[in-house]
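Structural description and commentary
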Amino acid sequence: MSDFQELIKSFPKTREYVRDFFVYGFKTREEFREKSPRTYDNERRRLESWLGDYVRKDYVSRSSNISQGVNISQGVNISQGVNISQGVNISLAIDSNLLDTNPLFQVWKTKSFTDNDIVLHFLILDLLSDSRELTAEEITEHLLDEYEALFDVQTVRRKCNAYEKEGLLQKKKVGKTIVFSLNLSLISWIRDRENMADALSFYQIAESFGVVGNYLTEKLDHRNQSFRAKHSFCVHTLEDEILLKLLDAMNGKQEVHLEMKSSRRGTANTADCTPLQIFTSTRSGRRFLCGYVKHSRRFTCYRLDTIRTVTPLQRLPKYDELLSILDRNREHLWGVSFHGGSRHLEKLTMKLQVFAPREQYIVNRLKQEGRHGTVTKLEQNVYQYEIEVFDCNEMLPWIRTFIGRILSLTCTDKSVEQLFYRDLQTMYRMYQIEETK
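Model, not experiment: these values are computed from the prediction. (Residues numbered from 1 in each chain as written. Predicted model: local features only at pLDDT ≥ 70, side-chain atom pairs only at ≥ 80, totals over all residues. Heavy atoms only, no water.)

Okay, a nonpolar patch on the surface next. Residues Leu7, Phe113, Ile118, Val119 and Phe122 make up a contiguous nonpolar surface patch of about 420 Å² in total accessible area. With respect to the helices and strands, isoleucine 118 occurs in helix 3 (residues 115–127). (Patch = residues over 30% accessible without salt bridge, like charges linked within 9 Å, V, L, I, M, F, W, Y side chains within 5 Å. Areas by Shrake-Rupley, 256 points an atom, 1.4 Å probe, with all protein chains shown as cover. Salt bridge = Lys/Arg side-chain N within 4 Å of Asp/Glu carboxyl O. Helix = DSSP H or I, 4+ residues; strand = E, 2+ residues; numbered from the N terminus.)

Here you go:
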């Protein structure tokens, strides 16, 4: 039986657990049915170690039928055949507007390593800290002479090349040999610029890949004391690995293969598409990949938090042409859905009663929040709002905010129209209101 390890090799698995606890939460051990109890326990222990200050435990009672008169483990004598036990709901309670940084950044700092990894990391950086320039062979010799650490030259060379790619070291050719030295250019550049630490503090809580700003501010021993974000979506950092791969594919104008898993139904599926843009909902904070699916010849949006892996495919010559078509189609998007009742635009018309001028703010709302729709005054205190979009279903939450003023609503997608009036009838019954004819 393997021992529990706090550090991890596979980030996607931990990302899924952190999201479960943070976004969905309030599940007991028995309710994580897709994972084994041992896996759940390990992930819970990691979570409590990384984010202990934000872990909340709620004890809940559960009951089930048992034989009469059995004394269960909690010490309660049951005489009526009901087993009363306690379960623990684990969740993360994070109030983003009170934080100086995103606590979920800690998840990125938990990658496992081998003994050689950690020894070489500190010894090589310490060896080169006095501005020396050494070859891989010379580094290997100095490791043995100064630290009594014996390593193979090829192992040292691979580690130095890996650190050069990461930006920790820099290498250059001197004659016929390659020498390595410590790369302090970024930190020196940041330290030489006044207020750069504050800029990084703002970046870490306001932008994608904020963990980069967090790493740099920690390197500078700087703590964010200036900025707070009222509406900050901490969970975005869990998607940044996926986002980076998608942005790389966009820059390379490549198609991608996506492996996804529905958070609601738990079903897995795949898709090949051309990634074009990333959409972010200002209301819910959800991020979506908008891509073109060649098979169906349509644009489709995928939630980033459902994407498990991204595999780049071949380069697409007509990438810029697809991007131009998407820009034109975005004019007729209400949210992120291109899939309405048909492949054509759907038209929605809504007539409202507005007592102007004292209710001019309603007309202003229609104009400001109604995207590309048009607002027309039909007669005294009656206004009409019209719009053509791909999917009118997405409009219903916004339309319902005008209930009480709506005189009529029609839509070329009759299912939207029927759903709106059916919801009204349900509300009438709920509040025992007699429907007006």
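Having seen the structure, we can now continue with the description.
Running from N to C, helix 4 (residues 136–147) and helix 5 (residues 153–166) point in directions that differ by 115 degrees, and their axes come no closer than 9 Å. Taken together, helix 4 and helix 5 sit at an angle that is classed as roughly perpendicular. Crossing geometry of helix 4 relative to helix 5 is assigned as right-handed. Contacts between helix 4 and helix 5 involve Ala136, Glu137, Ile139, Thr140 and Leu143 on the former and, on the latter, Val153, Val156, Arg157 and Cys160. Looking at the contact of helix 4 with helix 5 residue by residue, the classes come out as six nonpolar, one polar and two charged. (Axes fitted to C-alpha atoms, helices over the stretch in contact; angles between N-to-C directions. Parallel < 35°, antiparallel > 145°, perpendicular 65-115°, else oblique. Left-handed = near helix turned anticlockwise from the far one by under 90°. Contact = heavy atoms within 4.5 Å. Nonpolar A, V, L, I, M, F, W, Y, C, P; charged D, E, K, R; others polar.)

Okay, the sheet that holds strand 12 (residues 382–389) next. The antiparallel open sheet is built from four strands, whose spatial order is 11-12-10-13. For this open sheet the edge positions go to strand 11 (374–379) and strand 13 (406–411), each flanked by a neighbour on one side alone. Along the sheet, successive strands turn relative to each other by an average axial angle of 20 degrees, direction set aside. Sheet strands touched by helix 11 (residues 360–369): strand 10 (346–353), strand 11 and strand 12. Its angle to strand 11, the strand with the most contacts, is close to 150 degrees. (Pairing = 2+ DSSP bridges.)

Opposite charge on two side chains lets them pair, provided their charged atoms get close. Evaluation of the coordinates by the stated rule reveals 18 salt bridges. Aspartate 100 is the partner of arginine 223 in a salt bridge, and the nearest nitrogen-oxygen pair spans 2.8 Å. Remark: aspartate 100 occurs in the loop between strand 2 (82–92) and helix 3 and arginine 223 occurs in the loop between helix 8 (210–219) and helix 9 (240–251); sequence separation between them is 123 residues. The class for arginine 223 is exposed, based on a relative accessible area of 58%. Judged by its relative accessible area of 13%, aspartate 100 falls in the buried class. One network of salt bridges, in which partners are shared, links Asp130, Arg132 and Glu146. (Buried < 20%, exposed > 50% of the residue type's maximum accessible area, 1.4 Å probe, protein only.)

Further remarks concern the packing of aromatic side chains. Summed over the entire model, instances satisfying the criterion amount to eight aromatic pairs. With 5.6 Å between their ring centres and 40 degrees between their planes, phenylalanine 299 and phenylalanine 338 make a pair best called tilted. Within this pair, whereas phenylalanine 299 is found in strand 8 (residues 298–303), its partner phenylalanine 338 is found in the loop between helix 10 (319–329) and strand 10, the two being separated by 39 residues in sequence. With respect to class, phenylalanine 299 is no different from phenylalanine 338; both count as buried. What links up through ring pairs into an aromatic cluster is the set Tyr292, Phe299, Phe338 and Phe390. Residue placement shows lysine 109 over the ring face of tyrosine 215; its charged tip is 5.3 Å from the ring centre. It is arginine 371 that lies over the ring of tryptophan 334; its NZ or CZ is 4.3 Å from the centre. (Phe/Tyr/Trp six-rings, centres within 6.5 Å; stacked < 30°, edge-to-face > 60°. Lys NZ or Arg CZ within 6 Å of the ring centre and 35° of its normal.)

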